[in-house]
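A look at the structure
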Amino acid sequence: MQAKDALIGAMTTTGTHLRLVRDDELPAVAEQPYVRGMAGPGIDRVSSAIETLIARFRTMVRSVGARRGLVEADLDEVLQDVRIRLWHAGEGGKSLEELGSSYLYHLASTAALDLLRRRRARRADDTEDIRERTDLTTNNASPHDAMEARELASQIEAAVETLSIDRRVAVRMHLSGYDREDIARMLGWTEARTRNLLYRGLDDLRRRLTDMGIAPRRTG
Amino acid sequence: MSPQFDDEALRAAYEPALRESATTHGPDCPTEHELLSAVRGEGDEAERLRVLDHALKCPACRRELALLHAVSSGEKSAAPRVVREISWNRWPAALAASLMLAAGLVGVVRLRTRGVEDITRAGGVAGPVLVTPANGAAVRPGLVRFVWRPIPEVIQYTLEVDATDGTVLFSSPTRDTTFSASIALTAVGENRWLIRAKLQDGSEKRSETWVLKVR
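Everything numeric in this text was worked out from a predicted model, so none of it was measured.

The helix and strand tally for chain B stands at 5 helices and 9 strands. Expressed as a percentage of the 215 residues in chain B, the buried residues total 32%.

Turning our attention to the overall build of chain A. The number of helices and strands found in chain A is 8 helices and 3 strands. Listing each helix as α and each strand as β along chain A from the N terminus yields α-β-β-β-α-α-α-α-α-α-α. Once local pairs closer than 6 in sequence are excluded, the contacts in chain A between residues at least 24 apart make up 62%.

This part is about helix H7 (residues 180–187) of chain A. Summarising burial for H7(A): 6 of the 8 residues are buried, a large majority. Among the residues of H7(A), Arg180(A), Asp182(A), Ile183(A), Ala184(A), Met186(A) and Leu187(A) are the ones counted as buried. Residues of H7(A) that are buried make contact with helix H6 (165–175) and helix H8 (191–211) of chain A together with helix H2 (32–40) and helix H3 (45–55) of chain B. Just beyond H7(A), the residue with positive phi is Gly188(A), at close to 65°.

All names here are of chain B. The linkage connecting Thr-132 with the following residue, Pro-133, adopts the cis geometry, with an omega of 5°. Tracing the chain through its elements places Pro-133 in the loop between strand S1 (130–132) and strand S2 (137–139). In this structure, Glu-153 takes a positive phi of about 60° despite not being glycine. Here Glu-153 is to be found in the loop between strand S3 (142–148) and strand S4 (154–163).

This part is about the confidence of the model for chain A. All names here are of chain A. The share of residues in chain A with pLDDT of 70 or more is 64%, and the mean pLDDT across the chain is 72. Within chain A, the element-level pLDDT minimum falls on strand S1 (residues 10–14), averaging 31, and the maximum on H6, averaging 95. pLDDT under 50 marks residues 1–41. Its contacts with residues more than four places away, or in other chains, come to 53 contacts. Contacts for the low-pLDDT stretch residues 124–138, under 50 throughout, to residues beyond four places or in other chains number 17 contacts.

What follows concerns the sheet that holds S1(B). All names here are of chain B. Read across the open sheet, the 3 strands follow the order S1-S3-S6; overall the sheet is antiparallel. The open sheet has two edge strands, S1 and strand S6 (178–183), and neither has a second partner. Neighbour to neighbour, the strand axes of the sheet diverge by 35° on average, direction disregarded. Bridge count for S3 against S6 is 6 bridges, and the pairing is antiparallel. Within S6, the residue paired with Val-147 across the bridge is Thr-178.

Note on strand geometry: in a regular strand, side chains alternate between the two faces of the sheet. As judged from the 2 bridges shared by S1(B) and S3(B), these two strands associate in the antiparallel manner. Residue pairing across strands places Thr132(B) opposite Val147(B), the latter belonging to S3(B).

Let us look at the nonpolar core. Membership of the largest hydrophobic core comes to 68 residues, with the highest contact counts inside it found for Val78(A), Ala108(A), Ala112(A) and Leu35(B). The biggest single contributor to this core is helix H4 (residues 101–122) of chain A, with 9 residues. Those residues within four positions of Ala108(A) in sequence are excluded, and the remaining contacts are Val78(A), Val82(A) and Val71(B). In terms of nonpolar packing, the next biggest core, distinct from the first, is built from 16 residues, Val144(B), Phe146(B), Ile183(B) and Val214(B) among them.

Quick look at the packing of H6(A) against H3(B) now. Their axes nearest at 10 Å, the elements H6(A) and H3(B) cross at an angle of 50°. Relative to H3(B), H6(A) is oriented oblique. For the crossing formed where H6(A) meets H3(B), the hand is left-handed. Of the residues in H3(B), those touching H6(A) at Ile165(A), Asp166(A), Arg168(A) and Val169(A) are Leu49(B), Leu52(B) and Asp53(B). Grouping the amino acids of the contact of H6(A) with H3(B) by side-chain chemistry returns 4 nonpolar, no polar and 3 charged.

Residue and element names in this part refer to chain B. Averaged over every residue, the pLDDT of chain B is 75; residues scoring 70 or more account for 73%. Of all helices and strands in chain B, the one with the weakest mean pLDDT is helix H5 (residues 91–122) (42), whereas H3 scores best (95). Ignoring residues within four places in sequence, the model shows residues 78–91, a span with pLDDT below 50, making 28 contacts including any to other chains. Segment residues 101–125: pLDDT under 50, and 29 contacts once partners within four positions in sequence are set aside and those in other chains are kept.

Okay, the environment of Leu10(B) next. Here Leu10(B) shows up in helix H1 (residues 7–18). Those residues within four positions of Leu10(B) in sequence are excluded, and the remaining contacts are Leu175(A) and Phe5(B).

All right, on to helix H5 (residues 143–161) of chain A then. Residues and elements named next belong to chain A. Between its first and last C-alpha atoms H5 spans 27 Å; for 19 residues at 1.5 Å apiece the expected length is 27 Å, and the two agree. Among all positions in H5, only Leu-152, Ala-153, Ile-156, Ala-159 and Val-160 are buried. Projected down its long axis, H5 carries its buried residues within an arc of 120°, all on one side. Residues of H5 that are exposed and point over 90 degrees away from its buried face: Pro-143, His-144, Met-147, Glu-151 and Glu-161.

Looking now at the environment of Val71(B). Tracing the backbone shows Val71(B) in helix H4 (residues 59–72). By C-beta crowding, Val71(B) is classed as buried, having 33 other C-beta atoms within 10 Å. Not counting the four nearest positions on each side in its chain, Val71(B) is found in contact with Val61(A), Val78(A), Ala108(A), Ser109(A) and Ala112(A).

Moving on to the environment of Ser203(B). Structurally, Ser203(B) can be placed in the loop between strand S7 (189–199) and strand S8 (204–206). C-alpha of Ser203(B) to C-alpha of Val154(B): the two residues are 49 residues apart in sequence and 9.7 Å apart in space.

The rules behind the values
- Residues numbered from 1 in each chain as written.
- Chains lettered and ligands numbered in written order.
- Predicted model: local features only at pLDDT ≥ 70, side-chain atom pairs only at ≥ 80, totals over all residues.
- Helix = DSSP H or I, 4+ residues; strand = E, 2+ residues; numbered from the N terminus.
- Buried ≥ 20, exposed ≤ 12 C-beta atoms within 10 Å, placed from the backbone.
- Contact = placed C-beta atoms within 7 Å.
- pLDDT = per-residue confidence, 0-100.
- Pairing = 2+ DSSP bridges.
- Axes fitted to C-alpha atoms, helices over the stretch in contact; angles between N-to-C directions.
- Core = buried A, V, L, I, M, F, W, Y, C linked by C-beta atoms within 7 Å.
- Parallel < 35°, antiparallel > 145°, perpendicular 65-115°, else oblique.
- Left-handed = near helix turned anticlockwise from the far one by under 90°.
- Nonpolar A, V, L, I, M, F, W, Y, C, P; charged D, E, K, R; others polar.
- Expected span 1.5 Å × (residues − 1).
- Arc of directions from axis to C-beta.

Written as structure tokens, this is what we have:
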């Protein structure tokens, strides 16, 4: 990522288009049209526009991913790539008619795929910074309570595993924070089918848990 | 007879299973392209079921699935548009327009899908209608009274106040159609509120989402 930062470390304006240049492509003595770093009113304006766009896009994506296990560090890495790709689009002299919101989503999907491919290829990402997790919440559960909670979750998981595959996937998606629109879209189901499979799956799951003698923990 | 889990209790009890974090893939893990295809609803159903069935229980795949879903879920709704040729020197204005379009599209799509859902779920009856605080109203931190209109066959309403990034700031079930919620200082800014209604047949209906500014 640092190499990419270096790539956008220097830019030049050529007429109405922006062109990216690497540091080693710059003339020995900086000439007028070249601007090092993010200095200069034109660069500032474009940079500011991109940052605004990225910030708004980030908010939208976070709102989608917040309850579904999105790891914030992953999103930041993707957006850094999107930022660079936006500058590259400028390098190609593309007009804004190609940079609508669909283009932004396309860039983000491509960047996410590239990120996952790189990670899997190097297989070095086998540790995780606890600060990366967005879904970690501070609670005052004692180690015993935490262990009981994990045990209950694993019992529910075991009960889910006994469901038929269509109900199982619908229930797992529901429990993982995906809504019915997500389930219907990903599985190509109608809303009615999604609703039926989900609620039948949840009913099956409750019956299984009752059969297993598993009940909600009393609170208070 | 032991009590059964309701939906919220079930989700809460399952939550520790989602906290497992690992990034090492096994031989059964789908490729990143298979995950993206599943997110996009591409390919045959059996394959999508296989991929999602694995991805949702595998911590490494689940994290990837969440990322791919988050960055691509607006892809189809954000349709390409035609705009006049604009030079790169006019990026700020043009990008602002693009942003407004994107935000507008998301808003429209959400409203449209919610509308369809409400009709389907309710058999022609609309979801709860919000009354107060008015859409866009500004309140101060502290006790805020929320009011909505009742709908038939309801077991329970849930009041939910969300930050603009989707974080749930407040959520509480009630059988009444009014609720006084304590809005914390941390909620200062623009938020959203809505009512989810759980019906006797197990389905759920949602109200519109209104803006609530906390100052």
